[in-house]
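# Structural description and commentary
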Amino acid sequence: TGAMAEHYRQEIGRRTRRGLEGLARQARPTGGRAYGYRVREGRREIDPEQAEIVREIFGRYAAGWSAIRIAADLNSRGVPSPGSTWNRTRGRRRGWMASAINGNPEEGIGILNNDLYRGDIVWNRCRWIRSAVDGKKRRRVLNPRSQWVVHHDESLRIVPEDLWQAVRGRQSDRSALIGERVRRGLS
């Protein structure tokens, strides 16, 4: 009975993933939320107020502001953070955090690294693997680029390409500077 239940659970997961892949190939929302967007009638659209905040974050970062300074400014002005209005069992009280802005460029995490802001919809970038020891613990693993499903929709672009490239350039400069300092043994 246990083996059959396990097989059935795996089959449900496979069917669900197949359905999500079909939605992704049709360029339809597959779940998840991105700051600056909302879903109406099965289609993703830009939220004008949040999109203005996203442009402000990109502009300030390109102008030399740090993610910590941007987060502190947004918190001092009382701008609602990503997820603050979502219906959750636990509420977020911290407001904006620098890690939500900076994220991780290699993994496409964070506001400054979200390809959706330039109109690229990416599905299957990563998968979650459960621990064999503790089934509650999961870890995020990036999939190879060849497995990603990517669509470009110019109507979803919030950040102009020149601003996107300016932020990419500043991130690579900061990464090189910090990498050099680490190699020299400085904090």
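Here the structure is a predicted model, which means the values were calculated and not measured. (Residues numbered from 1 in each chain as written. Predicted model: local features only at pLDDT ≥ 70, side-chain atom pairs only at ≥ 80, totals over all residues. Heavy atoms only, no water.)

Further remarks concern the nonpolar core. Formed by 28 residues in total, the largest nonpolar core has its most connected members in Y35, I57, F58, W96, I101, Y117 and V159. With six residues, the top contributor of residues to this core is helix α2 (residues 48-62). Ignoring any residue separated from it by four or fewer positions in sequence, one finds Y35 in contact with Q50, I53, V54, V79, P80, S81, P82, W96, I111 and Y117. (Core = buried A, V, L, I, M, F, W, Y, C linked by side-chain atoms within 4.5 Å. Buried < 20%, exposed > 50% of the residue type's maximum accessible area, 1.4 Å probe, protein only. Helix = DSSP H or I, 4+ residues; strand = E, 2+ residues; numbered from the N terminus. Contact = heavy atoms within 4.5 Å.)

What follows is about the layout of surface pockets. The computed volume of the second largest pocket comes to approximately 410 Å³. Elements with a contribution of two residues or more to the lining of the second largest pocket: α3 (67-76), α4 (98-102) and α5 (161-184). It is α5 that contributes the most residues to the lining of the second largest pocket, seven residues altogether. Of the residues in the lining of the second largest pocket, the class split is six nonpolar, seven polar and four charged. (1 Å grid on protein atoms, 1.4 Å probe; cavity = no way out; pocket = protein on both sides within 12 Å on 5 of 7 lines; lining within 4 Å. Points joined across faces, edges and corners; volume = space filled by probe spheres on them. Nonpolar A, V, L, I, M, F, W, Y, C, P; charged D, E, K, R; others polar.)

As a further point, take α3. Of all the residues in α3, the buried ones are A67, I70, A71, D73 and L74. Along the axis of α3, the buried residues cluster in a sector spanning 160°; they form a single face. Those residues of α3 that are exposed and aimed more than 90 degrees away from the buried face are I68 and S76. Summarising the contacts, the buried residues of α3 are in contact with α2 and α4. Trailing α3 by a residue or two, G78 shows a phi angle of about 75°, which is positive. (Arc of directions from axis to C-beta.)

Here we take up the packing of α2 against α5. Two elements in contact, α2 and α5, have axes whose closest approach is 9 Å; the angle formed by their N-to-C orientations is 45°. Taken together, the axis directions place α2 and α5 in an arrangement best described as oblique. Crossing angle aside, the handedness with which α2 passes α5 is left-handed. Between α2 and α5, the residues in contact are R55, F58, G59, Y61 and A62 and L163, W164, A166, V167, R170, Q171 and R174, respectively. (Axes fitted to C-alpha atoms, helices over the stretch in contact; angles between N-to-C directions. Parallel < 35°, antiparallel > 145°, perpendicular 65-115°, else oblique. Left-handed = near helix turned anticlockwise from the far one by under 90°.)

Right, let's get into the packing of aromatic side chains. One pass over the full model with this rule turns up four aromatic pairs. Ring geometry for F58 versus Y117: centroids 6.1 Å apart, planes at 80°, classification edge-to-face. With F58 in helix α2 and Y117 in the loop between α4 and β3 (120-123), the pair connects residues that are 59 residues apart, well separated along the chain. A relative accessible area of 0% means that F58 is categorised as buried. Seen from their ring centres, F58 and W164 are 5.8 Å apart, and the 25° between their planes marks the pair as stacked. Taken together, the residues F58 in helix α2 and W164 in helix α5 connect sequence positions 106 residues apart. (Phe/Tyr/Trp six-rings, centres within 6.5 Å; stacked < 30°, edge-to-face > 60°.)

Glancing now at the side chain of Q171. Of note, Q171 is situated in helix α5. The buried category is assigned to Q171, whose relative accessible area is 9%. If near-sequence neighbours (up to four positions away) are discounted, Q171 is found in contact with Y61, N102, P105, L112 and N113.

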